[in-house]
Amino acid sequence: MIDFTIEELKNGYVAKDFSPVEVTRTHLKRIEEMSELNAFITVTTEQALKQAEIAEKKYLAGVQTGLLEGIPISYKDNIYTKGIRTTSGSKIEENFVPTENAGIVSKLQREGAITLGKVNMHEYAFGITSNNPFYGAVKNPWHTAYTPGGSSGGSGAAVAASLGLASIGTDTAGSIRIPAASTGIVGLKPTHGLIDASNVRHISWSLDHVGPLTKNMRDLGSMMDAMTGENYSAALTTDIRGLRVGVPKNYFNEHIENNVSELYMKALGNLEKLGAILIEIDIPFSPEDLALSFSIGIAEAGLVHEKSITDALYSFGDDVKASLESSHSITALDYMKALKRKETLFTAFEAVFASVDVIATPTMPDTTKKIGEEMFSINGIQDSTFNMMIRLPAVFNLTGQPALSIPCGVGPNGLPVGLQLASAAFNEKVLMKTGFAYEEAYLREFYQERDAKINTPN
């Protein structure tokens, strides 16, 4: 049952092949058995079983059920859950229990989703390794010496290891797509504002997005249907003949590890085999623009955490403390210039999307790194792990356009590599179609390898 899709589980419930309670118990047991991954901060066993019992009664009675009725999922721990502690991965809020749900939690609960618990994350979402100083490092189920990425690392690890069918994460500079690429799953950062982001502990309201991580494109369609009330699953078709795929001539092809570059080029060739048309494009983005994400994100985080910076700065982890201290050095003029450039970048990328349907890039320039490894080298060029991981996905947080990460192979180190697909604002359906066509044609063996690898102790 842990390898079933959302639709397969729902069909099994209707046919009475198994029950929501049985499936939920199976996932709770698996969470306990795979506790070494440290994917969860809080497991909500009692609530999950109560929700499963309600779903089971609905199926037995043959009454109308929600789009996710009886489907076990998890939430990143900066997403408010009524009556369940929501730590944001911090010491400061270790005992914080919200009195209301985040908008997305209420939405998915109305659709019958079962809450397995709250997953681990980088403290306050301020990093991309999920090496949390208070709740422990999240471990990559492909190899537990490595990070699953972040900041939604618990979401990535949980989904890849089948500790639930899906997880809801947040993404400020790649924090959904980085874990998706690092753990060999699917992750979507929707258009900014498409998904309700109320009652979420943000870093930056201008850059943060709420979105799903799933094991495959079919489940991504099911989650988007439930999260939006629209029929995204209808876009899951395999005919992408004539699809215009933008291949960047600059920025996204710079300083890429050789093996990642080879897998990326192979993925482009595969898209072409499916009938897509590859078109070289100039990208209206530079490394100087990337720095704007820091000006905006850190400035807004300084306001979000203003009280804690004043009263409890010593309670933050070292990396988060350093970031928040720097928020005071960003001037109002710098912040406003960054916001103005953000608007210009959106318009410039929308112009690019007038000539292509999607832009295809690597999700990250290299595979994920070992836990605690803060520096790395690509072709002799030194950089921080943080800068490496965010350099490509953070572009679409600044522009606000949707971006999807799907697997495109395994590197020689045995770790997965992601392919990033981006499109014009509110054109998620073209991403769904492209990702699904690629998955159907080229990812079956990858998924088999992934599941076999994760279920083999390392």
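Here the structure is a predicted model, which means the values were calculated and not measured.

Asker: Help me understand the packing of aromatic side chains in this model?
Answerer: Here the distance between the centres and the angle between the planes together describe a pair of aromatic rings. A full pass over the atoms with the stated rule returns 13 aromatic pairs. Considering the side-chain rings of Phe252 and Phe396, the 5.8 Å spacing of their centres and the 5 degrees angle between planes classify their relative orientation as stacked. Residue Phe252 is found in the loop between strand S9 (244–248) and helix H8 (258–273), and its partner Phe396 is found in helix H14 (residues 395–399); the two are separated by 144 residues along the sequence. For the pair formed by Phe252 and Phe396, the shared burial category is buried. Relative to Phe396, the ring of Phe349 lies with its centre 5.7 Å away and its plane at 75 degrees, an arrangement referred to as edge-to-face. Highlighted residues: Phe349 in helix H12 (residues 332–352) and Phe396 in helix H14, separated in sequence by 47 residues. The two residues Phe349 and Phe396 agree in class, both being buried. Joined through ring pairs, the aromatic side chains of Tyr251, Phe252, Phe285, Phe349 and Phe396 make up one cluster.

Asker: How do you make sense of the packing of helix H9 (residues 287–304) against H12 when you look at a structure like this?
Answerer: It is the contact of H9 with H12, at a shortest axis distance of 9 Å, that shows an interaxial angle of 125 degrees. For the element pair H9 / H12, the angle class is oblique. Handedness of the H9/H12 crossing: left-handed. Here H9 contributes Asp289, Leu292, Ser295, Ile296, Ala299 and Glu300 to the contact with H12, which in turn contributes Tyr335, Ala338, Leu339, Arg341, Lys342 and Leu345. Partitioned by chemical class, the residues of the contact of H9 with H12 number seven nonpolar, one polar and four charged.

Asker: Would you take a moment to explain the nonpolar core for this structure?
Answerer: A general trend in soluble globular proteins is that nonpolar side chains are found buried together. Counting residues in each nonpolar core, the largest one holds 101 residues, and the members touching the most others are Leu163, Met217, Phe285 and Leu404. Apart from residues no more than four positions distant in its own chain, Leu404 is found in contact with Val186, Gly187, Leu188, Met217, Leu220, Leu419, Gln420, Leu421, Leu431 and Gly435. Formed by 26 residues, the second largest nonpolar core is a distinct cluster that contains Ile6, Leu68, Ile73 and Ile104.

Asker: I keep staring at H8 and nothing clicks. Help me out?
Answerer: Along an α-helix, residues three or four positions apart point the same way, because every turn accommodates 3.6 residues. If you check H8, its first and last C-alpha atoms are 23 Å apart, about what 16 residues at 1.5 Å a residue would give, namely 22 Å. Of the positions making up H8, those classed as buried are Val260, Leu263, Tyr264, Ala267, Leu268, Asn270 and Leu271. Looking straight down H8, one finds its buried side chains confined to an arc of 160 degrees; they lie on one side. Of the exposed residues in H8, those oriented more than 90 degrees away from the buried face are Glu262, Lys266 and Lys273. Sitting at the amino-terminal end of H8 is Glu257, which places a side-chain oxygen 2.9 Å from the backbone nitrogen of Asn259.

Asker: Help me understand the packing of helix H4 (residues 103–110) against helix H7 (residues 217–228) in this model?
Answerer: Packed helices, taken two at a time, are described by their axes: the angle between them and the distance between them. At their nearest, the axes of H4 and H7 sit 8 Å apart, and the two run at 105 degrees to each other. Taken as axis vectors, H4 and H7 run roughly perpendicular relative to one another. Residues Ile104, Lys107 and Leu108 of H4 lie in contact with H7, whose contacting residues are Met223, Ala226, Met227 and Thr228. Its residues assigned to classes, the contact of H4 with H7 shows five nonpolar, one polar and one charged.

Asker: How do you make sense of the pattern of salt bridges when you look at a structure like this?
Answerer: Opposite charge on two side chains allows them to pair when their charged atoms are near. Taken as a whole and judged by the stated rule, the model has 19 salt bridges. Between Glu93 and Arg201 there is a salt bridge; the shortest N-O distance is 2.9 Å. With Glu93 in the loop between strand S2 (72–76) and H4 and Arg201 in the loop between strand S7 (186–189) and strand S8 (209–214), this residue pair connects regions lying 108 residues apart in the sequence. The closest approach of N and O atoms between Lys249 and Asp282, which form a salt bridge, is 3.6 Å. With Lys249 in the loop between S9 and H8 and Asp282 in the loop between strand S10 (277–281) and H9, this residue pair connects regions lying 33 residues apart in the sequence.

Asker: Please explain the sheet that holds strand S15 (residues 416–422) as it appears in this structure.
Answerer: The pairing of strands in a sheet comes from backbone hydrogen bonds and takes either a parallel or an antiparallel form. Reading across from one edge, S1-S3-S2-S6-S8-S7-S14-S15-S11-S9-S10 is the order of the eleven strands in this open sheet, with mixed pairing throughout. Because the sheet does not close on itself, it has two edges, and the strands there are strand S1 (40–43) and S10. When strand polarity is set aside, the average angle formed by the axes of neighbouring strands in this sheet is 30 degrees. Across the face of the sheet, helix H2 (residues 20–33) comes into contact with S1, S2 and strand S3 (114–119) while running at roughly 15 degrees to S3.

Asker: Which parts of the structure should I look at to understand the pairing of S7?
Answerer: Look at any regular strand and the pattern is simple: side chains alternate between the two faces of the sheet. What you see with S7 is no split at all: Val186 and Leu188 on one side and Gly187 and Lys189 on the other are buried throughout. Of the pairings in the sheet, the one linking S7 to S8 comprises two bridges and is antiparallel in character. By the bridge assignment for S8, Gly187 is matched with Leu213. Sheet topology places S7 next to strand S14 (residues 403–410); three bridges connect them, and they run antiparallel. Of the residues in S14, the one forming a bridge with Gly187 is Ser405.

Asker: Looking at this structure, I do not really get H7. What am I missing?
Answerer: Under the 1.5 Å per step criterion, the end-to-end length of H7 is 16 Å for twelve residues, consistent within 8% with the ideal 16 Å. Those residues of H7 lying buried are Met217, Asp219, Leu220, Gly221, Ser222, Met223, Met224, Asp225, Ala226 and Met227. Between a side-chain oxygen at the N-terminus of H7 and the backbone nitrogen of Arg218 the separation is 3.3 Å; the capping residue is Asn216. Phi turns positive, to about 80 degrees, at Gly229, one or two residues after H7.

Here is what the cut-offs are and how they apply
Residues numbered from 1 in each chain as written. Predicted model: local features only at pLDDT ≥ 70, side-chain atom pairs only at ≥ 80, totals over all residues. Heavy atoms only, no water. Phe/Tyr/Trp six-rings, centres within 6.5 Å; stacked < 30°, edge-to-face > 60°. Helix = DSSP H or I, 4+ residues; strand = E, 2+ residues; numbered from the N terminus. Buried < 20%, exposed > 50% of the residue type's maximum accessible area, 1.4 Å probe, protein only. Axes fitted to C-alpha atoms, helices over the stretch in contact; angles between N-to-C directions. Parallel < 35°, antiparallel > 145°, perpendicular 65-115°, else oblique. Left-handed = near helix turned anticlockwise from the far one by under 90°. Contact = heavy atoms within 4.5 Å. Nonpolar A, V, L, I, M, F, W, Y, C, P; charged D, E, K, R; others polar. Core = buried A, V, L, I, M, F, W, Y, C linked by side-chain atoms within 4.5 Å. Expected span 1.5 Å × (residues − 1). Arc of directions from axis to C-beta. Polar contact = N/O pair within 3.5 Å; in protein donor to acceptor, adjacent residues only side chain to side chain. Salt bridge = Lys/Arg side-chain N within 4 Å of Asp/Glu carboxyl O. Pairing = 2+ DSSP bridges.

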